[in-house]
Each structure stands twice: as C-alpha cells, then as structure tokens.
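# Architecture and fold: a report
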Protein chains: 2
Amino acid sequence: MKKLNINELDKQLKQLSNWSLVNGKLYKEFIFTDFKNAFSFMTEVAKKADTMDHHPDWSNSYNKVGINLSTHSAGGITEIDIKFAKAIEKSASKYH
Amino acid sequence: MKKLNINELDKQLKQLSNWSLVNGKLYKEFIFTDFKNAFSFMTEVAKKADTMDHHPDWSNSYNKVGINLSTHSAGGITEIDIKFAKAIEKSASKYH
C-alpha cells in the first residue's frame with residue numbers, strides 16, 4: 001500500500017465531508033445525541049476495522065468520537081484510509 | 001457527589017492497581033493481545049458506563065486503551081470514579 005502524494009490526497013479530501021489532515025493523519029470529529037449512539041457507532045466501526053484489518057486511533061468523550069486514520073506501514077495516508085473513511089461515513093450517516 | 005480531597009484520593013489510589021492522577025483525572029492504560037480483545041473490553045465498560053450513567057474519556061489505538069475518569073459536575077474525582085475504576089479493573093482482569 002503506497003502513501004498518497006499531496007495531489008492525490010487533496011483530490012480525495014474534497015470528496016470526504018469534513019475530514020481534514022491533522023498531524024499527518026485523516027481526522028474527523030463525529031457528534032451524536034448521546035453516549036449510547038456514539039458507542040453504537042464505534043461498535044459498527046470496530047467491526048469494519050476487523051474486517052478490513054485496518055484500525056483507527058480514536059477517542060470518545062460522551063457523545064463525541066474523534067477518529068484518526070493513517071497507515072503505519074506506509075508512513076502516511078493510503079487508499080485503505082480513504083476506503084475506511086468512506087465506510088465510517090456510511091455508518092455515521094445512520095445516526096443523523 | 002463531592003470531590004475527594006487529596007488524603008481521600010491518596011488512600012483510594014493505593015487500592016487501585018496502576019491508576020494514576022493525570023491532569024486532575026484518574027488515568028490508566030490497559031494493554032491487550034489485539035484490537036478484538038481491546039474493543040471487547042471497551043464494549044463491557046460502555047455497558048457499565050450506561051448503567052452507572054457515568055462516562056469515561058477514553059482512547060484506543062489497536063491493542064491499547066487509555067481511560068480517564070473524573071466527575072465533571074464536581075470538578076474533580078469523586079467516589080463514583082473510584083467505583084467505576086474498580087468495575088473497569090474487574091472487566092480488564094478477564095483478559096489477562
């Protein structure tokens with residue numbers, strides 16, 4: 001899996017709603033109505049992570065979930081992070 | 001719920017294995033064999049959080065789970081954080 005260059009990354013970021021590049025990782029904060037919904041979303045994302053064998057660095061505080069994506073072995077953001085971000089968006093969209 | 005004073009907190013910390021006081025919160029990092037076990041532990045803790053109506057600030061990176069506990073309404077650490085820390089220990093002990 002090859003690290004995306006800045007042009008490829010810029011193009012992909014334009015297609016992702018409110019994801020940004022923070023400390024070399026794809027980052028987005030999701031806000032839910034409460035903890036129950038936030039953790040239910042996390043449970044769905046965890047299943048996808050296991051299926052894809054690709055895991056987020058993430059944090060949760062009550063109704064907020066912050067997600068960082070990058071590919072450690074490539075030292076940056078790769079196609080798999082973009083694919084994962086899109087899958088995460090799909091899960092999140094159920095809660096809005 | 002009243003914030004514990006430093007003597008009460010010191011006494012409680014001595015009874016909790018490897019929890020420390022970090023930025024005014026009770027903190028511990030748990031390490032598991034893999035993501036699956038880390039997230040399974042988190043799922044158990046999330047259920048306890050809902051039951052207790054008391055929620056952690058926590059993060060996960062693959063097999064690591066970092067947990068911060070405090071009582072926002074009391075502006076510090078209270079008995080409920082100690083109770084929650086003990087419940088978390090009980091969940092974590094199943095994975096070792």
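Notes on the structure in this doc start here. From a predicted model like this one, the values you see are computed outputs, not experimental measurements. (Residues numbered from 1 in each chain as written. Chains lettered and ligands numbered in written order. Predicted model: local features only at pLDDT ≥ 70, side-chain atom pairs only at ≥ 80, totals over all residues. Heavy atoms only, no water.)

Our focus in this paragraph is the pairing of strand β2 (residues 25–31) of chain A. All names here are of chain A. Of the two faces of β2, only one is covered, namely that formed by Leu26, Lys28 and Phe30; the face formed by Lys25, Tyr27, Glu29 and Ile31 stays uncovered. Looking at chain direction, strand β1 (residues 20–22) and β2 are connected through 3 bridges and run antiparallel. Bridge pairing in β2 places Ser20 opposite Tyr27. Hairpin connection from β1 to β2: 2 residues lie between these consecutive antiparallel strands, with Asn23 at a positive phi of about 50 degrees. One ladder, built from 6 bridges, connects β2 with strand β4 (residues 64–69); its direction is antiparallel. Counted as the bridge partner of Tyr27 is Asn68 from β4. (Buried < 20%, exposed > 50% of the residue type's maximum accessible area, 1.4 Å probe, protein only. Helix = DSSP H or I, 4+ residues; strand = E, 2+ residues; numbered from the N terminus. Pairing = 2+ DSSP bridges.)

This brings us to the nonpolar core. Within the largest apolar cluster, 56 residues are counted, with the highest numbers of intra-cluster contacts made by Phe41 of chain A together with Trp19 and Phe41 of chain B. Excluding its chain neighbours within four sequence positions, the residues that come into contact with Phe41 of chain A are Phe30, Phe32, Val65, Ile67, Ile88, Ser91, Ala92 and Tyr95 of chain A. (Core = buried A, V, L, I, M, F, W, Y, C linked by side-chain atoms within 4.5 Å. Contact = heavy atoms within 4.5 Å.)

Strand pairing in a sheet takes place through backbone hydrogen bonds and is either antiparallel or parallel in direction. Across the sheet, 8 strands lie side by side as β1(A)-β2(A)-β4(A)-β3(A)-β3(B)-β4(B)-β2(B)-β1(B); this open sheet has antiparallel pairing. A single partner strand is all that each edge strand has here, and the edge strands are β1 of chain A together with β1 (20–22) of chain B. The sheet shows a mean angle of 25 degrees between the axes of neighbouring strands, taken without regard to direction. Packing against the sheet, helix α3 (residues 79–93) of chain A makes contact with β2 and β4 of chain A, and its axis sits at approximately 5 degrees to β2 of chain A. Against the sheet, helix α2 (residues 35–52) of chain B contacts β3 (57–61) of chain A together with β2 (25–31), β3 (57–61) and β4 (64–69) of chain B, and its axis sits at roughly 165 degrees relative to β3 of chain B. (Axes fitted to C-alpha atoms, helices over the stretch in contact; angles between N-to-C directions.)

All we've got here are geometric facts, nothing functional implied.
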